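Examining the three-dimensional arrangement
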Amino acid sequence: MGRIAGRFVRGEPRRRARAFVLGLLSDLPRKNCWTLAEHAGDENPYGLQHLLSRAKWDADAVRDDIRGFVVEHLHHEDAVLVVDETGDLKKGTRTVGVQRQYTGTAGRIENSQVAVYLTYSTPFGHAAIDRELYVPRSWTEDTARCRAAGIPDSVAFATKPTLAARMIGSALDAGVAASWVAGDEVYGGNPHLRTELEKRQVGYVLAVARDHQITTRAGTFRADALVKKLPKRAWQELSAGAGAKGHRFYDWALADLADGRPGHHQLLVRRNRRTGELAFYRCYSAAPASLSTLVRVAGRRWTVEETFQSGKGLAGLDEHQVRRWASWHRWVTLAMLAHAFLAVVRADEHARHPKPGGLIPLTCNEIQRLFNALVVRLVHGAAHRLDWSHWRRRHQAQSQASHYQRQAAQT
């Protein structure tokens, strides 16, 4: 919190931001401005709502501080930037960016809000260092709707790969040292993103679909058709990294692509040793890269999924109940800070105690529990709890009465 303190001109929003982050790190079953304010000892949620909506502070500047904090503590020469999107299910139509769209969170088309995140991943740990809200074309073509949600006039429609390219470029321009980028098919199938990375001579291992067109010296083929032409000796068994149940072994093969542009272009293929299921990755590197290096980068992509899981489960990344542009960016940024704190403490503990006798290393979940039990230990009396019970019920009664009055007027 001391690192971002200078981003708040006045002491009041600085203190509220600290209370907000402590609330996100707490073990509250639900995290919104009401529960966070009660946890902080406030009389009502208006102060925290003001922090998210009207207080003067720059969420992008705090984002820059988070990026510096994560890179400083998790820095490693094998750092990989991993890009992916995640969706939050939402009701209604007025929440910024929401529409019926596919989200992997539900595995189907749902009314949801989608954002693209950039994760800094190293052998020491991983945490999100940037975020961009995806604003669908149905929004950007409706000026009145955008202004009602507080979206700046300068925001135009941008695809998810375009948002990813923007975040990667911003990180690299800020001095983040990363030689590789990983992502799924949404990003691997986009030629604009691949071209931007090649211009910067940043290597990538990006997943592509099985029908992705691959050009070799023998001609142009679908990725799954090219695999059938590979000899048996092309396959090698390698680990994609350690998972929760041990190393993840797959069969891997590599094929050179015919590309007139500078650098080395290849197709990496992964085969499940039990089911035979195939996955395909389009690869680029400015200098020759070994199969084991490309496999390592491909295996690092899973860390963004773990970042989403722990960010949502431990730091309330997806529990925002806000509708406007600025409020969304502020909530998500402070949630990223809370998760980055856990990731950095975990990395520090693993460095201090690499092999605790008879124990697994500390996890982010356990660090959160110990932090709340041993460091925070906020205690509020019964009177505070009863006052909040009365406040919630009074507020809900007023909302209920207003709803019934509006319904009667419409009838």
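Residues numbered from 1 in each chain as written. Predicted model: local features only at pLDDT ≥ 70, side-chain atom pairs only at ≥ 80, totals over all residues. Heavy atoms only, no water.

A closer look at the overall build of the protein chain
We apply this condition: Helical segments are the DSSP runs of H or I of at least four residues, strand segments are the runs of E of at least two, and each set is numbered from the N terminus. Two things to know: the radius of gyration comes from C-alpha atoms, and the globule rule equals 2.2 Å times the number of residues to the power 0.38. Exposure classes here rest on a 1.4 Å probe applied to the protein chains alone. A residue is buried below 20% of its type maximum, exposed above 50%, and partly exposed in between. Contacts are assigned to residue pairs that have any heavy atoms within 4.5 Å of one another. Values of accessible area rely on a 1.4 Å probe in the Shrake-Rupley scheme; residue burial ignores everything except the protein chains shown. Here Asp and Glu are counted as negative and Lys and Arg as positive; His is not counted, and neither are the chain ends. Note that the charge is assigned to NZ on lysines, CZ on arginines, CG on aspartates and CD on glutamates.
Counting its regular elements, the protein chain contains 15 helices and 12 strands. Relative to the globule expectation of 22 Å for 411 residues, the C-alpha radius of gyration of the protein chain, 24 Å, shows essentially globular dimensions. When its C-alpha atoms are laid out on the principal axes, the protein chain stretches across 75 × 60 × 40 Å. Here the protein chain holds 411 residues, and the buried ones make up 47% of them. Restricting the contact set of the protein chain to residue pairs at least 6 apart, pairs at least 24 apart contribute 63%. Per element, the accessible surface of the protein chain, about 20900 Å² overall, is 49% carbon and sulfur. Both charge centroids of the protein chain, one from 59 positive and one from 41 negative side chains, sit 3 Å from each other.

Section: the environment of D211
When you line up the elements, D211 lands in the loop between β6 (203–208) and β7 (213–216). You can call D211 partly exposed: its relative accessible area is 42%. For the pair D211 and L52, spaced 159 residues apart in the sequence, the C-alpha separation amounts to 44 Å.

Section: the packing of aromatic side chains
Where we set the bar: Here a Phe, Tyr or Trp ring, Trp counted by its six-membered ring, pairs with any other such ring whose centre lies within 6.5 Å, and the pair is stacked when the planes are under 30 degrees apart, edge-to-face when over 60, and tilted otherwise. Note on geometry: a ring has a charge over it if NZ (lysine) or CZ (arginine) is within 6 Å of the ring centre and within 35 degrees of the ring normal.
Applying the stated criterion across every chain, the model contains 11 aromatic pairs. Arranged with centres 6.1 Å apart and planes meeting at 80 degrees, the rings of Y250 and W252 form a pair that is edge-to-face. Here Y250 falls in the buried class, since its relative accessible area comes to 17%. R137 extends its terminal NZ or CZ atom over the ring of F157, reaching a point 4.0 Å from the ring centre. Across from the ring centre of Y134, 5.1 Å away, lies the NZ or CZ of K160, which sits over that ring.

Considerations on the layout of surface pockets
Test applied: In the cavity and pocket records, a cavity denotes points on a 1 Å grid over the protein atoms alone where a 1.4 Å probe fits but cannot get out, a pocket denotes an open set with protein on both sides within 12 Å along at least 5 of 7 lines, and lining residues are residues with an atom within 4 Å of a point. Grid points are joined across faces, edges and corners, and a volume is the space filled by probe spheres set on the points. Note on residue classes: Ala, Val, Leu, Ile, Met, Phe, Trp, Tyr, Cys and Pro are nonpolar, Asp, Glu, Lys and Arg are charged, and everything else, Gly too, is polar.
Reported here for the largest pocket is a volume of approximately 1100 Å³. Every residue lining the largest pocket is counted, 34 residues in all, and those nearest its centre are H126, A242, W302, E306 and R346. Of all elements in the fold, only β4 (125–133), β9 (236–243), β10 (246–256), α11 (291–300), α12 (302–315), α13 (325–352) and α14 (364–376) reach the threshold of two or more residues within the lining of the largest pocket. Residues belonging to the lining of the largest pocket are distributed by class as follows: 12 nonpolar, 16 polar and six charged.

Here we look at empty space enclosed by the protein
Scanning the entire structure with this criterion turns up one cavity of 30 Å³ or more. Its volume calculated, the largest cavity comes out at about 50 Å³. Put simply, the parts of the chain that give the lining of the largest cavity at least two residues each are α12 and α13. Across the lining of the largest cavity, the residue classes break down as six nonpolar, three polar and no charged.

A look at the nonpolar core
What counts here: In these notes, a set of buried Ala, Val, Leu, Ile, Met, Phe, Trp, Tyr and Cys residues joined through side-chain atoms within 4.5 Å is what counts as a nonpolar core.
In terms of nonpolar packing, the biggest core is built from 107 residues, with L81 and L268 touching the most fellow members. The element contributing the most residues to this core is α13, with 14 residues.

Let's talk about a nonpolar patch on the surface
The following threshold applies: Residues enter patches when their relative accessible area tops 30% and they take part in no salt bridge; the joining distance is 9 Å for like charges and 5 Å for the nonpolar side chains Val, Leu, Ile, Met, Phe, Trp and Tyr. When a carboxyl oxygen of Asp or Glu is within 4 Å of a side-chain nitrogen of Lys or Arg, the pair counts as a salt bridge.
Where nonpolar side chains cluster on the molecular surface, the patch consists of L370, L374 and V375 and spans about 280 Å² of accessible area. By secondary structure assignment, the location of V375 is in helix α14.

So, helix α7 (residues 160–173)
As a reminder, the rule being used: What a helix should span is 1.5 Å times the count of its residues minus one.
The terminal C-alpha atoms of α7 lie 20 Å apart, and with 14 residues this matches the ideal 20 Å at 1.5 Å per residue to within 8%. Within α7, 10 of the 14 residues are buried, which leaves the element mostly enclosed by the surrounding structure. Taken together, the buried positions of α7 are K160, P161, L163, A164, A165, M167, I168, G169, A171 and L172. Two residues or fewer after α7 comes G175, characterised by a positive phi angle close to 95 degrees.

A word on unusual backbone geometry
The backbone of Q201 sits at a positive phi, close to 55 degrees, despite the residue not being glycine. Topologically, Q201 is positioned in the loop between α9 (191–199) and β6.

Thoughts on the pairing of β4
Stated formally: Paired strands are those between which DSSP finds at least two bridges.
With nine of nine residues buried, β4 is to be regarded as a mostly interior element. In this sheet, β4 lies alongside strand β3 (residues 108–122) in antiparallel orientation, the contact comprising eight bridges. Paired with T122 across the strands is G125, a residue of β4. The hairpin turn running from β3 into β4, its antiparallel successor, is two residues long.

As for the environment of G92
If you trace the backbone, G92 turns up in the loop between β1 (80–89) and β2 (99–103). Among the residues examined, G92 registers a relative accessible area of 46% and is labelled partly exposed. Separated by 19 residues in the primary sequence, G92 and N111 have C-alpha atoms spaced 7.9 Å apart. G92 has contacts with V98 and N111, leaving out every residue within four places of it along the chain.

Here we look at the packing of helix α2 (residues 33–40) against helix α3 (residues 46–53)
Geometry of a packed helix pair, given as the angle between the helix axes and the separation of the axes. To be explicit about the condition: As a rule, the C-alpha atoms of each element are fitted with a line to give its axis, helices using only the stretch in contact, and angles between N-to-C directions run from 0 to 180 degrees. These descriptions rest on fixed angle ranges, namely under 35 degrees for roughly parallel, over 145 for roughly antiparallel, 65 to 115 for roughly perpendicular, and the rest for oblique. By convention, the crossing between two helices is left-handed when the near helix turns anticlockwise from the far helix through less than a right angle, and right-handed when the turn is clockwise.
Relative orientation of the contacting elements α2 and α3 amounts to 120 degrees, with a least axis distance of 8 Å. Compared by their axis directions, α2 and α3 come out oblique. Considering the relative orientation of α2 and α3, their crossing is right-handed. Seen from α2, the contacting residues are C33, W34, L36 and A37; seen from α3, they are L48, Q49 and L52. A per-class count over the contact of α2 with α3 returns six nonpolar, one polar and no charged.

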